Structures are given as C-alpha cells and as structure tokens.
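Here are the chains, one letter per residue:
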Amino acid sequence: MNAAVATSVFGAFMVVTVALGLLAVRGRGNRGRDGLAEWSVGGRSLGTVFIWVLMAGEGYTSFSYLGAAGWGYNYGAPVLYVVAYMSCGYAVGYVVGPMLWAYARRHGLVGITDMVAHRFGRPWLGALVAVLATVFLLPYIQLQITGMGVVVSTISYGAISLNWAYFIAFAVTTGFVVVSGLRGSAWVSVLKDVLVIATLGFLAFYVPMHYFDGYGPFLDRLVTEKSEWLTFPGHGDSGLGQAWFITTSFLNSLTVVIFPTTVAGYLGAKNADVLRRNAMWLPAYNVLLFVPMLLGMAALFVVPGLVGAESNLALFRLVVDSLPAWAVGVIGVAAALSSIVPMAVFMLVIGTMWGRSVLSLVPRWQQRQKGAAQTVVVAAGVIALVLTYTAPNTLVRLSLISYEGMAQLLPMVLLGLVWRRLTLFGAMAGLVVGVGVVCGFVFTENDPVWGVNAGIVALGANLAVALVVTYAGPREHDDRPDGDVLARDEPEERQETAGSREPELSGVGISEASDAPAGA
C-alpha cells in the first residue's frame, strides 16, 4: 500500500512535468533558422524569474538530497565548500555573465564552443572543445540517472528495482528535453523550486523535532558526540582541510561561470540586467543547501553504520522511516525533479555543442542543426544509461575531474575573450598541459595534492604554458577589429538596439579572420 501511494504521487507529478514542457513550447517558432536558438537558449527571451529558477537548478541536483547529506554524514564541515563556491561563483557571474551574453548575442552564438571558434577563427576548435566538454559532462548525466534511480527505487519501498528506476530516469528526461528544450526546463524549474523549498523547509523543522525534540538537543548532542564533523578536515583521514577548501572554492567559483550549462542559462536571458539581478538574488537560495548537510549529520544518530554508497541515502532513510507514504512521494518528486532539470540542461548543452560545432562541419547537416542536436541528446542519454548498467564505477574517477577538467578551459575562454594577444597555439598548449596534469593527479589518486585541489595546480601550469607559448611564439595575424574578437559588457541601451537586429544562425556561426562579423 505504501509503495502504491508513493509511486502514484510520483507518477502524477511526472505527467504534470511533461505537460509543462509541452505547454512551454506551444506556439513558439521552432523551425527554420530560429529553431536551434529557440530550443537551446529559449529564443534568448527568458526573464528574471525563469532565469533565476533555471540557474538555481544548477545548484539543486540529486546531490542536494543524496550527495550533500552523504557528505555531511561521512565528513561534515568540508561539504560546506558547495555553498562557498556557488555564492562566490554568482559574484563572478555578475561580471562574466553579461559579457558572455553580449558577445553571443552580437555574433549569433549559442554556447562556449561557438565562442572559442569565433574568437580564434577556427571552426575545428569549437568541435574539439565540444568533444572535451562532452567527456566532462557525461559523468554528470550518469550520476543524475543514478541519483534519480535511487530516489525512485527508495520511495517505492523497493517495489521498483534500480534497473527499472534507471530506465525511468533516462526515458522521462530524454523525452522531455528533446521536446521542450531550455524553455521547458525553465518552466519545470518553477515547479521543482516550489517543491524543493517546501520539502526542505518542512524537513528542516520536522527531523530535529521528531528525532531530537528540537534543535537545541540535536546540536548539543552533535557538539558533544560528533565534534570532529564540525571542524576541518572533518571526520576521517579525508585530506579535505582548509587549503583544500579554499582552493576548491576558488577554482569552482571561476569554473562554474564558463560551465556549458551555466552559459546556456546566461544566453537564455532577454537582456544583461536579468543576469545581474539573478546574480544578486541567487546566493539567498543557497541557504537551503544547509538543510541536507545538517540532516545528513542528524542521520549519524538515527541510522548509524551506513557505509560507502549507502551514506547517500542518509536523508531518505529518515524520510521513509518516519513519514506517511504520500509525503514520501512528494519529497521523492522534489528530489527527482532536482535530477531531471539539471540532467535535461546537461543533455541539451551536449546536443547543442555537437549540432552546432561538430556535425555542422558536415555540409549536409548545416541546415539541420536542431535535428542533429536532438539526435545527439538521445545518443548521450543512451551512452550514460548503458554505462550506468554495465560499468557503474568506471566513471567515478572521471566524475572527480569534471570540474577540475572543465577549469582548464578558463584561459582559452575567459582570458581569450578579454586579451587579444593570447594565441591559438598558446591556448591549445596550455589546455593540453592542464588536462594532462589534472588527469595524472586524479588517476594516480593524488587529489588533493600537497593539501590543495589538484585542479588549481593544473590550472596554474595551464596558464603558465599558455603565456610562455604566446609570448615566445609569433603574433597571429587577424584583420578583424577588436569589437569582432573580444567580449565586452555593453550598456543596456546598446543591448536593446542589438536585440532588434540579432544575427541569424548560419553554418557554424564563425568566419575565418575577416572583416565581416561571424555568423552575420
């Protein structure tokens, strides 16, 4: 009976989710040259509320309900790096977001692969970045499939096996993103945020009161019996000390602003002021992240002895053991939508990168970029699903280098867009060195290295090599004016003028070094 009630609630909300996705794109121009822009960046027309909830979804994945509680259960204080880097990342995004938005709008671009290809005048460079970014994004898709599968299986009280739960996660998300694109994800984010705020707000009060008679007794017991969880490096020999916390927060706060999924949110905005307001308000949303972290530590006293992957179920063990089935179903829906929305954006971005920067290099695909992108979405989902079934642990280490690997694009993307002297060979040499160093550290189990995040060491080597090669090598000849090559944050009145004459999407969106603006 409990399984029937919880799964019925879950199923009803999944129907509502798909319906919202279809409603979001009803009547929207979705064909011809505007099809890819409408599907991938919402027609560049999303307002403050939709951008806020869409980008908030970046911070509320299945990690919020599973990983954050699991890290709180296993380590304690080090998990606070998530709140630190996201809040700092929003501050960086206040400057970077409008700059990238203006650059993409001016040249008719739809992602970072377009941007680097246009900046350096090389279509193949966009394809290379697309392949590299896909390698670093696929683990996130697999982890979201796994997370949503665990949630579905748990709220069904074991009636739905993990294998079927994984397939449900894949099928719902893939179908949803192919049909609705970024606009549908933004609409569903509203539903997700309402449920996330309601469920986490409820659990923040319910769990301490139900199990400990209030926060006072709970915190007193935590300080007395589990004080190790409240200081760095946390519980156990994790190596996650203060230096690791600082370097990880710094590196991730820079990386998150060029993460392809974040950039998709930037480019969906109707103007740059939407992004500035968004950056000011989003840190307040991070307050909710403290709830699963704290409840993970509460689970230490209620369900002790969870080891390995079982620790990720710390929060849901509290929920399933103490709440009625309908409430379990609602909380499960909130957790599932926290997987669906970010997973949809990850898949959308991969499809857009390949449709725009890789498959468009083939002449017969140039006029069918949206169809190509949707095909890649399905393929990426299938690959992640197959790996979830056949090799669930092979991407564990790769997932560790997702942020650290993506960080190696920082010189090529951000430095390249503000400093014209950076050469293609310098950026490429730095990227190769940076990716090589971070992979070497991670795959030899030397992350953290010397007590700091291995990614920051790799980024330092990356930047040093890029500068040396740039200054030591010849200057590159490019006849385009600075306004066609570099990014700048344009005043609002110029944005409105530009918005009335947005360049069309054509070919791969770039031209070889020439006087004509690429993509126009």
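This text goes with the structure placed above it.
As a starting point, this report considers the structure included with it.

Some details on unusual backbone geometry
Piece 1. Across the junction of Phe232 and Pro233, the peptide omega takes the value 5°, indicating a cis bond.
Piece 2. Following the sequence through the fold, Pro233 ends up in the loop between α9 (215–225) and α10 (242–255).
Piece 3. Look at Glu445: it is not a glycine, yet its phi comes out positive at around 60°.
Piece 4. Take Glu445: it is sitting in the loop between α20 (424–443) and α21 (454–472).
Piece 5. A relative accessible area of 56% means that Glu445 is categorised as exposed.

Details of the environment of Val96
Piece 1. With respect to the helices, strands and loops of the structure, Val96 is situated in helix α5 (residues 81–107).
Piece 2. Accessibility expressed as a relative area gives 8% for Val96, which makes it buried.
Piece 3. Along the chain, Val96 and Ile258 lie 162 residues apart, while their C-alpha atoms are 8.6 Å from each other.

Observations concerning the packing of helix α6 (residues 112–120) against helix α7 (residues 123–155)
Piece 1. Between α6 and α7, the least distance of the axes is 7 Å, while the angle of their chain directions is 150°. Considered as vectors, α6 and α7 are oriented roughly antiparallel to each other. Taken as a pair, α6 and α7 cross one another with a handedness that is right-handed. Residues Ile112, Thr113, Val116, Ala117 and Phe120 of α6 form the contact with α7, whose participating residues are Pro123, Leu125, Gly126, Val129 and Ala130.
Piece 2. Split by residue class, the contact of α6 with α7 holds eight nonpolar, two polar and no charged.

Structural notes on the pattern of salt bridges
Two side chains with opposite charge may pair up if their charged atoms get near one another.
Piece 1. Counted under the stated rule, the structure contains five salt bridges.
Piece 2. When the shortest N-O distance is used, the salt bridge between Arg276 and Asp273 registers 2.6 Å. Taken together, the positions of Arg276 and Asp273, both in helix α12 (residues 272–285) and three residues apart, correspond to about one turn of that helix.
Piece 3. Between Asp482 and Arg420 there is a salt bridge, with its nearest N and O atoms 2.7 Å apart. In this pair, Asp482 is assigned in helix α22 (residues 482–485) and Arg420 in the loop between α19 (410–418) and α20, connecting sequence segments 62 residues apart.
Piece 4. Residue Asp482 is classed as partly exposed on the basis of its relative accessible area, which comes to 45%.
Piece 5. A relative accessible area of 26% means that Arg420 is categorised as partly exposed.

A look at a nonpolar patch on the surface
Piece 1. Taken together, the side chains of Tyr94, Val95, Met280 and Trp281 make up a nonpolar region of the molecular surface, amounting to roughly 470 Å² of accessible area.
Piece 2. If you list the elements that add at least two residues to the nonpolar patch, you get α5 and α12.
Piece 3. As for its placement among the helices and strands, Val95 is situated in helix α5.

Some remarks on the nonpolar core
Piece 1. Among the nonpolar cores identified, the biggest contains 146 residues, and Tyr65, Met115, Ile141, Ile145, Leu409 and Met412 are the most heavily contacted of them.
Piece 2. Looking at this core element by element, the count peaks at 20 residues for helix α15 (residues 325–358).
Piece 3. Non-local contacts of Met115, meaning those with residues more than four positions away in its chain, are made with Leu100, Tyr103, Ala104, Leu109, Val263, Leu267 and Leu417.

Focus: the environment of Leu109
Piece 1. Among the structural elements, Leu109 can be located in the loop between α5 and α6.
Piece 2. Residues Leu109 and Arg356, spaced 247 residues apart in sequence, show a C-alpha to C-alpha distance of 9.2 Å.

Quick look at helix α13 (residues 290–302)
Piece 1. For α13, built from 13 residues, the straight-helix expectation of 18 Å at 1.5 Å per residue is met to within 8% by its first-to-last C-alpha distance of 19 Å.
Piece 2. Taking burial as the measure, the 13 residues of α13 include ten buried ones, the bulk of the element.

A short note on the side chain of Thr470
Piece 1. Relative to the helices and strands, Thr470 is located in helix α21.
Piece 2. Note on Thr470: relative accessible area 0%, which makes it buried.
Piece 3. Apart from the residues lying within four places of it in its own chain, the contact partners of Thr470 are Trp419, Arg421, Leu422, Thr423 and Gly426.

Quick word on the packing of aromatic side chains
Piece 1. The tally for this structure, following the rule as stated, stands at 20 aromatic pairs.
Piece 2. For the ring pair Tyr140 and Phe259, a centre distance of 5.8 Å and an interplane angle of 80° mean the geometry is edge-to-face. Note that Tyr140 is positioned in helix α7 and Phe259 in the loop between α10 and α11 (260–267), a separation of 119 residues in sequence.
Piece 3. When its relative accessible area of 18% is taken as the criterion, Tyr140 is described as buried.
Piece 4. Overall, Phe259 belongs to the buried group, its relative accessible area being 2%.
Piece 5. Taking the centre distance of 5.2 Å and the plane angle of 15° together, the rings of Phe202 and Tyr206 count as stacked. Placement of the pair is Phe202 and Tyr206 together in helix α8 (residues 162–212), with a separation of four residues, close to one helical turn.
Piece 6. What makes Tyr206 buried here is its relative accessible area of 19%.

About the criteria used
Residues numbered from 1 in each chain as written. Predicted model: local features only at pLDDT ≥ 70, side-chain atom pairs only at ≥ 80, totals over all residues. Heavy atoms only, no water. Helix = DSSP H or I, 4+ residues; strand = E, 2+ residues; numbered from the N terminus. Buried < 20%, exposed > 50% of the residue type's maximum accessible area, 1.4 Å probe, protein only. Axes fitted to C-alpha atoms, helices over the stretch in contact; angles between N-to-C directions. Parallel < 35°, antiparallel > 145°, perpendicular 65-115°, else oblique. Left-handed = near helix turned anticlockwise from the far one by under 90°. Contact = heavy atoms within 4.5 Å. Nonpolar A, V, L, I, M, F, W, Y, C, P; charged D, E, K, R; others polar. Salt bridge = Lys/Arg side-chain N within 4 Å of Asp/Glu carboxyl O. Patch = residues over 30% accessible without salt bridge, like charges linked within 9 Å, V, L, I, M, F, W, Y side chains within 5 Å. Areas by Shrake-Rupley, 256 points an atom, 1.4 Å probe, with all protein chains shown as cover. Core = buried A, V, L, I, M, F, W, Y, C linked by side-chain atoms within 4.5 Å. Expected span 1.5 Å × (residues − 1). Phe/Tyr/Trp six-rings, centres within 6.5 Å; stacked < 30°, edge-to-face > 60°.

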